[in-house]
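Coordinates in review
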Amino acid sequence: MAIVTELDLPLFDYSAPDLRGEVYHQRLAEVAEQGWLAQGPLSYVVLDRQAGEFFLRSRATVFPGRQIAEMFGVTQGRLWEQIDANILNQSGESHRRLRALVGPAFTPRAADRWRPAMREFLEHLWDEAVTSCEFVTTVARPYPALTIATVLGAPPEDAPRLHA
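Residues numbered from 1 in each chain as written. Predicted model: local features only at pLDDT ≥ 70, side-chain atom pairs only at ≥ 80, totals over all residues. Heavy atoms only, no water.

Moving on to the overall build of the chain. A count of helices and strands for the chain gives ten helices and two strands. Counting helices and strands in the order they occur from the N terminus, the chain gives α-β-β-α-α-α-α-α-α-α-α-α. For the C-alpha atoms alone, the extent of the chain along its principal axes is close to 50 × 40 × 35 Å. Expressed as a percentage of its 164 residues, the buried residues of the chain come to 20%. Partitioning the intrachain contacts of the chain with sequence separation of at least 6 by distance along the chain shows that 35% fall at a separation of at least 24. Per element, the accessible surface of the chain, about 12700 Å² overall, is 58% carbon and sulfur. (Helix = DSSP H or I, 4+ residues; strand = E, 2+ residues; numbered from the N terminus. Buried < 20%, exposed > 50% of the residue type's maximum accessible area, 1.4 Å probe, protein only. Contact = heavy atoms within 4.5 Å. Areas by Shrake-Rupley, 256 points an atom, 1.4 Å probe, with all protein chains shown as cover.)

On inspection of all chains with the given rule, the structure shows four aromatic pairs. Note on phenylalanine 12 and tyrosine 24: the rings are 6.2 Å apart at their centroids and 65° apart in plane angle, and the pair reads as edge-to-face. With a gap of twelve residues between them, phenylalanine 12 in the segment before helix H1 (21–32) and tyrosine 24 in helix H1 connect regions that are remote in the sequence. For tyrosine 24, a relative accessible area of 32% translates into the label partly exposed. Here tryptophan 126 and phenylalanine 135 contribute two aromatic rings whose centre-to-centre distance is 6.4 Å and whose plane-to-plane angle is 65°, an arrangement assigned as edge-to-face. The exposure class of tryptophan 126 is partly exposed, given its relative accessible area of 49%. Through a chain of ring-to-ring contacts, the aromatic side chains of Trp36, Phe54 and Phe55 assemble into a single cluster. (Phe/Tyr/Trp six-rings, centres within 6.5 Å; stacked < 30°, edge-to-face > 60°.)

The topology assignment puts tryptophan 114 in the loop between helix H6 (108–112) and helix H7 (115–132). When its relative accessible area of 18% is taken as the criterion, tryptophan 114 is described as buried. Remark: the alpha-carbon pair of tryptophan 114 and leucine 152, spanning 38 residues in sequence, is separated by 11 Å. Among all residues touching tryptophan 114, those that are not within four sequence positions of it are Thr150 and Val151.

Right, let's talk about a negative patch on the surface for a bit. On the surface, a cluster of negative charge is contributed by Glu120, Glu123, Asp127 and Glu128. As for its placement among the helices and strands, glutamate 123 is situated in helix H7. A relative accessible area of 55% places glutamate 123 in the exposed class. (Patch = residues over 30% accessible without salt bridge, like charges linked within 9 Å, V, L, I, M, F, W, Y side chains within 5 Å. Salt bridge = Lys/Arg side-chain N within 4 Å of Asp/Glu carboxyl O. Lys, Arg positive; Asp, Glu negative; His and termini not counted. Charge placed at Lys NZ, Arg CZ, Asp CG, Glu CD.)

Now the structure itself:
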């Protein structure tokens, strides 16, 4: 069995400066025609939903947050501590404990109580998008931060700070 570094994978440069809007979708579709996995500048890119779910559910898969920080020379200090403590970077019993704490907040039933606010954000953002036509900047970027701010009980004006 080959390991991923031995595979001849298509390239998907997700850091390309022109990778926006329709160009993004076009390039992603072209790469996906070649298979379910691509090589990016810093990581592999899973292009198939079923494969993505497999990796997200696999206990053997780990998020490379610590390794990415180390690549940029972040190995100690406050940023390292934040990265190290992030649930995405946890494994084993520590990850299970944190997941058990936050999991109930992410069930469909729990999300139902936030849907009215989420719809209100979308209506407002959509009204702005109709005049600006830049969907990512006007809707896709602020929407998650607005939703997270609401769930956390933070004021909506703090949402841009959450995004950053």
